[in-house]
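Close look at the chain arrangement
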Amino acid sequence: MNFNKKYLFNHRFLMSLVVLFISLDVTAQAVNTGEFTINPGTVVSVVSDFDNQTSGKLMHDGDLYIYSNFNNDGLIGFLTEGLTRFQGKNTQKITGEEESFFFDVLFNNASSQPAFELAGGISIANEGTFTSGIVDNDNHGGTISFERLATAITPSDASHVDGTVIKRGDTGFNFPIGDGGFYRYGGISAPNDATDIYTGKYFLENSDNLYSHNSKQERIQIIDNTEYWIIDKKEDNEHAEYVT
């Protein structure tokens with residue numbers, strides 16, 4: 001199913017719209033090859049797999065429900081707002097060659113864990129809410145970035161990122177990270193520069209395999225042999241935050 005300009009929604013006339021993409025063909029997809037705009041106050045639900053192809057442009061300022069897999073090879077952004085809800089009942093694959101720029105994101109999937117296989121890129125400008133479901137990019141190579149003013153809301157053992165989380169900007173941040181089904185956040189205070197980039201990752205394993213505990217400084221009495229965190233400042237700050 002292709003979208004083009006006839007699918008532009010004007011919220012002055014249409015305050016709430018639900019578009020259901022339903023097919024008896026289990027291989028069917030909702031495919032966007034043109035321009036697709038979701039205005040504020042508009043609700044769109046995608047039941048089958050969503051594929052934003054190379055020529056596709058999705059401008060999303062409404063309320064978007066994603067119930068299955070999600071792929072972005074084109075352009076996905078927002079103007080001022082927008083909530084994207086990933087809340088399927090089976091494992092959801094998040095893929096694509098291009099980074100998807102969202103305002104708010106909700107992860108809510110209580111199926112077998114990890115519920116989200118993140119192989120593409122996600123950027124969150126405002127709030128990333130973790131209700132249910134672990135986001136696994138450690139085994140799938142995807143990225144999840146929190147922009148300058150973004151925050152992670154309610155991460156827990158039941159919902160967090162298993163892998164690396166990126167934080168950009170000069171605000172303090174608690175990384176919603178975990179491993180092995182356990183949420184173990186690591187935090188940073190506010191950096192000095194708005195272009196700073198930090199990454200955070202938690203490991204439920206012995207750090208001695210990579211960092212010999214015998215080489216510790218004398219003032220360190222003991223090192224935990226079951227878990228460790230890596231919070232790292234990145235030198236490459238090249239990144240384009242897409243909001244318009």
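If you're wondering where the values come from, they're calculated on a predicted model, not measured in any experiment.

1. Regarding unusual backbone geometry
That bond from Gln113 to Pro114 is cis: its omega, 0°, falls within 30 degrees of zero. As for its position among the elements, Pro114 is in the loop between strand S11 (99-108) and strand S12 (116-118). The phi angle at Thr154 is positive, at roughly 50°, despite the residue not being glycine. In this fold, Thr154 is placed in the loop between strand S16 (151-153) and strand S17 (161-162).

2. Quick word on the pattern of salt bridges
Under the defined criterion, the tally for this structure stands at eight salt bridges. Among the salt bridges present, the one from Asp196 reaches Lys233, with a minimum N-O distance of 3.8 Å. Here Asp196 is found in the loop between strand S22 (186-188) and strand S23 (197-203), whereas its partner Lys233 is found in strand S24 (residues 228-234), with 37 residues between them in sequence. Note on Lys233: relative accessible area 39%, which makes it partly exposed.

3. So, the confidence of the model for the protein chain
Within the protein chain, residue pLDDT values average 85, and 80% of them lie at 70 or more. In this model, residues 1-27 is a region of pLDDT below 50 whose contacts with residues beyond four sequence positions or in other chains number 56 contacts. Segment residues 238-244 is flagged for pLDDT under 50; beyond a separation of four residues in sequence, or across chains, it makes 20 contacts in the model.

4. Some remarks on the environment of Phe175
As for its placement among the helices and strands, Phe175 is situated in strand S19 (residues 173-175). Look at Phe175 and you get buried, because its relative accessible area is 0%. Each residue touching Phe175, except ones within four places of it in the same chain, is listed here: Val165, Lys167, Tyr183, Tyr185, Gly186, Gly187, Ile188, Tyr198, Thr199, Gly200 and Ile231.

5. What to know about the packing of aromatic side chains
Taken as a whole and judged by the stated rule, the model has 14 aromatic pairs. Seen from their ring centres, Phe107 and Phe130 are 5.2 Å apart, and the 25° between their planes marks the pair as stacked. Placement of Phe107 in strand S11 and of Phe130 in strand S13 (residues 121-132) is noted, with a sequence separation of 23 residues between them. Aromatic side chains Phe203 and Tyr228 sit 4.6 Å apart centroid to centroid with 5° between the ring planes, which places their arrangement in the stacked category. Pair noted here: Phe203 is in strand S23 and Tyr228 is in strand S24, with a separation of 25 residues, a long-range link. One exposure class covers both Phe203 and Tyr228, and it is buried.

6. Here's the deal with the sheet that holds strand S5 (residues 57-60)
The parallel open sheet is built from three strands, whose spatial order is S2-S5-S8. On the outer flanks of this sheet lie strand S2 (35-38) and strand S8 (75-77), each paired with one strand and no other. Sheet twist, expressed as the mean angle between neighbouring strand axes with direction ignored, is 5°. Judged from the three bridges that link them, S5 and S8 form a sheet pairing that is parallel.

7. Things to note about the sheet that holds strand S10 (residues 92-95)
Across the sheet, which stays open at both edges, the nine strands sit in the order S1-S4-S7-S10-S12-S14-S17-S20-S21 with mixed pairing between neighbours. Across the chains shown, the open sheet's two edge strands, defined by having one partner strand only, are strand S1 (29-32) and strand S21 (182-183). Across two bridges, strand S14 (residues 135-136) lies against S17 in parallel orientation. Counterpart to Val135 in the pairing with S17 is Val161.

Quick notes on the rules
Residues numbered from 1 in each chain as written. Predicted model: local features only at pLDDT ≥ 70, side-chain atom pairs only at ≥ 80, totals over all residues. Heavy atoms only, no water. Helix = DSSP H or I, 4+ residues; strand = E, 2+ residues; numbered from the N terminus. Salt bridge = Lys/Arg side-chain N within 4 Å of Asp/Glu carboxyl O. Buried < 20%, exposed > 50% of the residue type's maximum accessible area, 1.4 Å probe, protein only. pLDDT = per-residue confidence, 0-100. Contact = heavy atoms within 4.5 Å. Phe/Tyr/Trp six-rings, centres within 6.5 Å; stacked < 30°, edge-to-face > 60°. Pairing = 2+ DSSP bridges. Axes fitted to C-alpha atoms, helices over the stretch in contact; angles between N-to-C directions.

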